[in-house]
Amino acid sequence: MARAPYLTRRDGGRYYLQIRLGKVAADLYGRALLRASLRTSNYAEARRRLVDSLGWACELIDAPDLETLGTVLHSRLVAYSGRGAPVTERELAERVAFENQVRSFIVRSQERGYSFCQRFHSFASNWVDFVNQNKTSEECLIRAGQRREYERGRADAGEAIGHGWTHSPLMHQMRSTDGVSVAPHLSELRPINGKQEAMPGPLPAESALRLSQVAKLFYEDKYKLNDDDRARGEYEPLISFVIKLLGDPELSSMTPSDFQKIDDALPEIPNRKGLPTGDRVTLMSRFKFAKANGWDKLERMTVTTIKSYHIALRAFFGWAIDNGYFHGPKPTFKKISPENLTALPRDAFEDDELLALVNLPLFTGCRGTSRMWTKGGYFLQNHIYWGFLILILTGMRAGEVGQLRCADVVTDGEFFFFDLRPFDARAGRVALKDQRKFKTQSSARVVPIHPLLIDLGLLDRVWELQKNKIDRLFPQWQPYKKPTGELRWGQPMTKSWQYVKGLLEITRKDLTLYGTRHLMADLLDNEAVAQRTRNRILGHVGSVPDGYGRKGMLSPEQSAAIAALEPPVIKKMREVLLNAKTKADCGQLTVLKPWLRGLNS
């Protein structure tokens, strides 16, 4: 049988409506595909639901602008809310798919400054009614499904007793599922001496596992995928909070009211500041302290943190659905308290801050390896020295700098680059275990090396290290290994930055070490460097077309443009840094090279 158009499916999972968008619609949506879950893994049912949803999907795709799109959505909202809550799963599937499109429209409108609430005065009230109707319907349908399972269990139990298959008291024992008693199913019986008899204790089905049991399976699955326990470190504090909040229920019995309870609780967790030491340990201890003692002298978490919790929970429950541990609709988490703190935008370094940094003793002459921030007669180009300068002059991430190898310094014959690709594709495929791991897939790139780094002796360092058979560019740079096994390569620089920030008496909260990336982005923007080139240099995710084109080094024209990035502040930095280098070359400063003596390598 031919597959219906616009119908796609995850491997072994649910079906989706999927339509590739034209240029106008893609620009409006900010993505190339319109996708909506049909909430079923049954092909025949998916085709029926596809037909139900194609009407509104085609209307949205044909909309030429946000105002037309809003008009379509508003009229549909009025019609849906006027019908009342849906009574079948099929109706609910159509409405939930449409609900997600409205949410996307609201986000896009806010991003582009389109005030849809003023254009459609009853939009907000219709939207609230529509969502509440969907929630009510979802709860009713889940309850109805549980009741059907209960009746099926009773019928099976009666049939077993009627045929004399068992007289075990276990047959009269009832399981509790969200307050509804359920008799054992026939599948829980096994033949003994030719007769069908109840098992001493029914084996738990996958769908009957408790939240803590499913979480353990989730961590194990992620461990196999990542070859470390990072998922436990990222998810366990949050999932443990949910378990304690709800009392570790069976995952399959969780209802929309449980998910709403989670959503309501997350914004009520304070951050650690102001809490007694013993109450800072877990999210639940922080939550209970605020609930018992009020919010005096406490701060709420940032919007960014709460949203990261929403994303993590959606990922966990999505995994549970895909693996058959939960059979309800994928829950949504979105509540933010008006009192949650705003995210703090990170700013670029200012000129005077950069100049103050490079005038510190590490860059101009220090007292030695253990007193690099005290003025003295030694010239020490250690990993902290190069780390700061590479971050400033390339916009790389600290974790990327720490992993650099001597072999990563490459050239096209005229310009030099850091090759951050996980492996050399021209040499063929490699095993996954042999790839380097970076923050994102877009981190794999080739970064131009600023001429100032060459002038300060970076290539001489590479040559010396290779001559001494040292592979890593910064052998003293040791990553922090988390208890989960995950390596944090950026920590040596972030710790140094905290110390340097105190030395320089920088008090503004919006400046972090990440400000070096904002600085490079600002330099590229000021020179009108093409967006695709900007994305490639910084390792940012661009649009789909940005993935096409040259995968290796930049073109000679692009490289020349990057090499010429030398605004007045970098010229002043050059003067300070090369003055110290000249003194070292002339013997006025004593050169230290502990990495060649095998120290901490």
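Numbering of residues starts from 1 in each chain and follows the order in which that chain's sequence is written. Under the rules for a predicted model, residues below a pLDDT of 70 receive no local features and side-chain atom pairs below 80 are neither given nor counted, while totals for whole chains, interfaces and linings still include all residues. Remark: hydrogens and water are excluded; side-chain values derive from all non-hydrogen atoms of the structure.

> Can you walk me through the confidence of the model for the protein chain in this structure?
Low-pLDDT portions of the prediction should not be read for the details of their coordinates. What pLDDT conveys is the predictor's confidence in a given residue, as a value from 0 to 100. Mean pLDDT for the protein chain: 77, with 74% of residues reaching 70 or above. Every residue in residues 167-207 scores below 50 in pLDDT, and together they form 72 contacts with partners more than four places removed in sequence or on other chains. Whether two residues are in contact is decided by their heavy atoms, any of which lying within 4.5 Å being enough. In this model, residues 539-553 is a region of pLDDT below 50 whose contacts with residues beyond four sequence positions or in other chains number 31 contacts.

> Honestly, unusual backbone geometry in this entry has me stumped. Any pointers?
Working note: non-glycine residues mostly have negative phi, and peptide bonds are mostly trans. Phi at arginine 39 is positive, roughly 60 degrees, even though this residue is not glycine. Residue exposure (1.4 Å probe, protein chains only): buried if accessible area is under 20% of the type maximum, exposed if over 50%, otherwise partly exposed. Arginine 39 gets classed as buried once you look at its relative accessible area, which sits at 11%. Of note in this structure, glutamate 505 is not a glycine but carries a positive phi near 55 degrees.

> Even after reading the chapter, I still don't get helix α18 (residues 491-503), so can you show me in this structure?
Residue pairs three or four apart in sequence face the same way in an α-helix, which turns once every 3.6 residues. Between its first and last C-alpha, α18 extends 19 Å over 13 residues, near the 18 Å set by a 1.5 Å rise per residue. Going along the chain from the N terminus, every DSSP run of H or I of four or more residues is numbered as a helix, and every run of E of two or more is numbered as a strand. Of the positions making up α18, those classed as buried are Pro492, Met493, Ser496, Trp497, Val500 and Lys501. Projection of α18 onto a plane perpendicular to its axis shows the buried side chains occupying an angular sector of 160 degrees, all on one side. When the buried face of α18 is taken as reference, the exposed residues oriented beyond 90 degrees from it are Lys495, Gln498 and Gly502. Among the structural elements, α12 (351-358), α14 (383-394), α15 (398-402) and β13 (487-488) are those in contact with the buried residues of α18. Expected span, for any helix, means 1.5 Å times one less than how many residues it has. Summarising the geometry, the arc corresponds to the directions from the helix axis toward the C-beta atoms.

> Could you clarify how one ought to interpret the pairing of strand β10 (residues 416-419) in this entry?
A pair of strands counts as paired when DSSP detects no fewer than two bridges linking them. Pairing of strand β9 (residues 409-411) with β10, which is carried by 3 bridges, proceeds in the antiparallel orientation. Each bridged residue has a counterpart across the sheet, and for threonine 411 the counterpart in β10 is phenylalanine 416. The sheet contact formed by β10 and strand β11 (residues 446-448) spans 3 bridges and is antiparallel. Paired with aspartate 419 across the strands is valine 446, a residue of β11.

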